[in-house]
Amino acid sequence: MAIVLMVIGVLIILLWFFLRPGRYTEAQKAMVYGVNHAHRGLHSRDKAVPENSLPAFRAAVGQGYGIELDIQLSQDGEVVVFHDDTLDRVCGMHGRVDAFSFAQLRDMRLCGTGETLPLLTEVFDVVQGKTPIIIELKTGPRRAELCERALPLMRQYEKQYGGVYCIESFDPRIVRWFKKKAPDILRGQLTDRPQNFEHEPWVLKMALGNLLTNVAARPQFIAYGPGKKPPLARLAEAMGAIRVCWTVRPEDDVAAKEEENDAVIFEFYTPKP
């Protein structure tokens, strides 16, 4: 019996060590708690208002929603707002975003409209601190450079507009970078069920989906996909992480998602701000 209790105790300590989220202040918590965030801006299903476009962000600000957006680097190191690794789906051009200069990207159009890829600074000029922003940093071979180039832009946004924002990423190395370099910025771990990480090795799938990477990144909020969460993910939330759900759509049980989480990232419907 003593050995069994000892083993249980060791397991509890290990789980606490690996899963424990980072601490946060009430001011940091207020950046996301109870806020509905428009996924890639308030874009439309028919693409008339394309995702991650300035009109989508203006619409979100106008209706009082928070905003979620994605950033990555152009070939020449500009911080652009765009989700996919490649341009095929949104711009009808083949190739990775980071294979083109910003001038080349600027000549492309979003979803067949007249809109172009915006810079992060252009989005900041639209939002002007009027609503919180969740900034997702996309992973890749230049992830450290993306962090280094994006952080000064965020700091300038704070200084110029009093902008309120936080960061998140699927890559725990990016979340850890902000833990070390900018611990005052609220940081979140994006994740999903292990089976949804299709191209990752089994061990990494299990670590990401069960939030065992918290040991390195210590995220203060967890942005989990809309499916059923595994027990370890729920345990990490029970340890105090702010609970964010992505991406809630009208076909989901919206009321349940809002009840179960502290904040939701939504698209294609208009919840309360």
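Residues numbered from 1 in each chain as written. Predicted model: local features only at pLDDT ≥ 70, side-chain atom pairs only at ≥ 80, totals over all residues. Heavy atoms only, no water.

## Notes on the overall build of the protein
Then comes step 1: Counting its regular elements, the protein contains 12 helices and nine strands.
Then comes step 2: Here the C-alpha coordinates of the protein stretch approximately 70 × 40 × 35 Å along the principal axes.
Then comes step 3: Counting across all 273 residues of the protein, residues that qualify as buried make up 52%.
Then comes step 4: Look at the contacts in the protein between residues 6 or more apart in sequence, and 59% of them connect residues 24 or more apart.
Then comes step 5: Accessible area for the protein stands at about 12,800 Å²; split by element, carbon and sulfur atoms hold 58% of it.
Then comes step 6: For the protein, the centre of its 34 positive side-chain charges and the centre of its 34 negative side-chain charges are spaced 6 Å apart. (Helix = DSSP H or I, 4+ residues; strand = E, 2+ residues; numbered from the N terminus. Buried < 20%, exposed > 50% of the residue type's maximum accessible area, 1.4 Å probe, protein only. Contact = heavy atoms within 4.5 Å. Areas by Shrake-Rupley, 256 points an atom, 1.4 Å probe, with all protein chains shown as cover. Lys, Arg positive; Asp, Glu negative; His and termini not counted. Charge placed at Lys NZ, Arg CZ, Asp CG, Glu CD.)

## Focus: the pairing of strand β6 (residues 187-191)
Then comes step 1: Across the five residues of β6, five count as buried, placing the element largely inside the fold.
Then comes step 2: Of the two faces of β6, the one carrying Arg-187, Gln-189 and Thr-191 and the one carrying Gly-188 and Leu-190 are both buried.
Then comes step 3: Note that strand β5 (residues 165-169) and β6 share three bridges and pair parallel. Counterpart to Ser-169 in the pairing with β6 is Gln-189.
Then comes step 4: Across four bridges, β6 lies against strand β7 (residues 221-224) in parallel orientation. Residue pairing for β7: Leu-190 is matched across the bridge by Ala-223. (Pairing = 2+ DSSP bridges.)

## Points about the packing of aromatic side chains
Then comes step 1: This model, assessed by the stated rule, comprises nine aromatic pairs.
Then comes step 2: When the ring of Phe-17 is compared with that of Phe-18, the centres are 5.6 Å apart and the planes differ by 85°; the resulting orientation is edge-to-face.
Then comes step 3: Here Tyr-65 and Phe-266 contribute two aromatic rings whose centre-to-centre distance is 4.9 Å and whose plane-to-plane angle is 65°, an arrangement assigned as edge-to-face. Note that Tyr-65 is positioned in the loop between α3 (54-62) and β2 (66-73) and Phe-266 in strand β9 (residues 263-266), a separation of 201 residues in sequence.
Then comes step 4: Looking at Tyr-65, the relative accessible area reads 2%, which means it is buried.
Then comes step 5: A relative accessible area of 1% places Phe-266 in the buried class.
Then comes step 6: The aromatic ring of Tyr-33 is capped on one face by Lys-29, whose charged end is 4.5 Å from the ring centroid. (Phe/Tyr/Trp six-rings, centres within 6.5 Å; stacked < 30°, edge-to-face > 60°. Lys NZ or Arg CZ within 6 Å of the ring centre and 35° of its normal.)

## Observations concerning the nonpolar core
Then comes step 1: The biggest cluster of nonpolar side chains holds 40 residues, and the ones touching the most others in it are Leu-69, Ile-71, Ile-133, Ile-135, Leu-137, Met-154 and Phe-178.
Then comes step 2: For this core, the element with the most residues is helix α7 (residues 143-161), which contributes six residues.
Then comes step 3: Dropping the residues within four chain positions of it, Leu-69 is found in contact with Asn-52, Phe-57, Val-81, Leu-120, Val-123, Ile-133, Ile-134, Ile-135 and Glu-136. (Core = buried A, V, L, I, M, F, W, Y, C linked by side-chain atoms within 4.5 Å.)

## Section: the pattern of salt bridges
Then comes step 1: This structure, assessed with the given rule, holds 17 salt bridges.
Then comes step 2: Among the salt bridges present, the one from Glu-122 reaches Arg-106, with a minimum N-O distance of 2.4 Å. Note that Glu-122 is positioned in helix α6 (residues 120-127) and Arg-106 in helix α5 (residues 102-106), a separation of 16 residues in sequence.
Then comes step 3: Its salt-bridge partner being Arg-155, residue Asp-184 comes within 2.8 Å of it at the nearest N-O pair. With Asp-184 in the loop between α8 (172-181) and β6 and Arg-155 in helix α7, the pair connects residues that are 29 residues apart, well separated along the chain.
Then comes step 4: You can call Asp-184 partly exposed: its relative accessible area is 40%.
Then comes step 5: Among the charged side chains, a salt-bridge network with shared partners connects Arg-40, Lys-47, Glu-51, Asp-70, Asp-84 and Arg-89. (Salt bridge = Lys/Arg side-chain N within 4 Å of Asp/Glu carboxyl O.)

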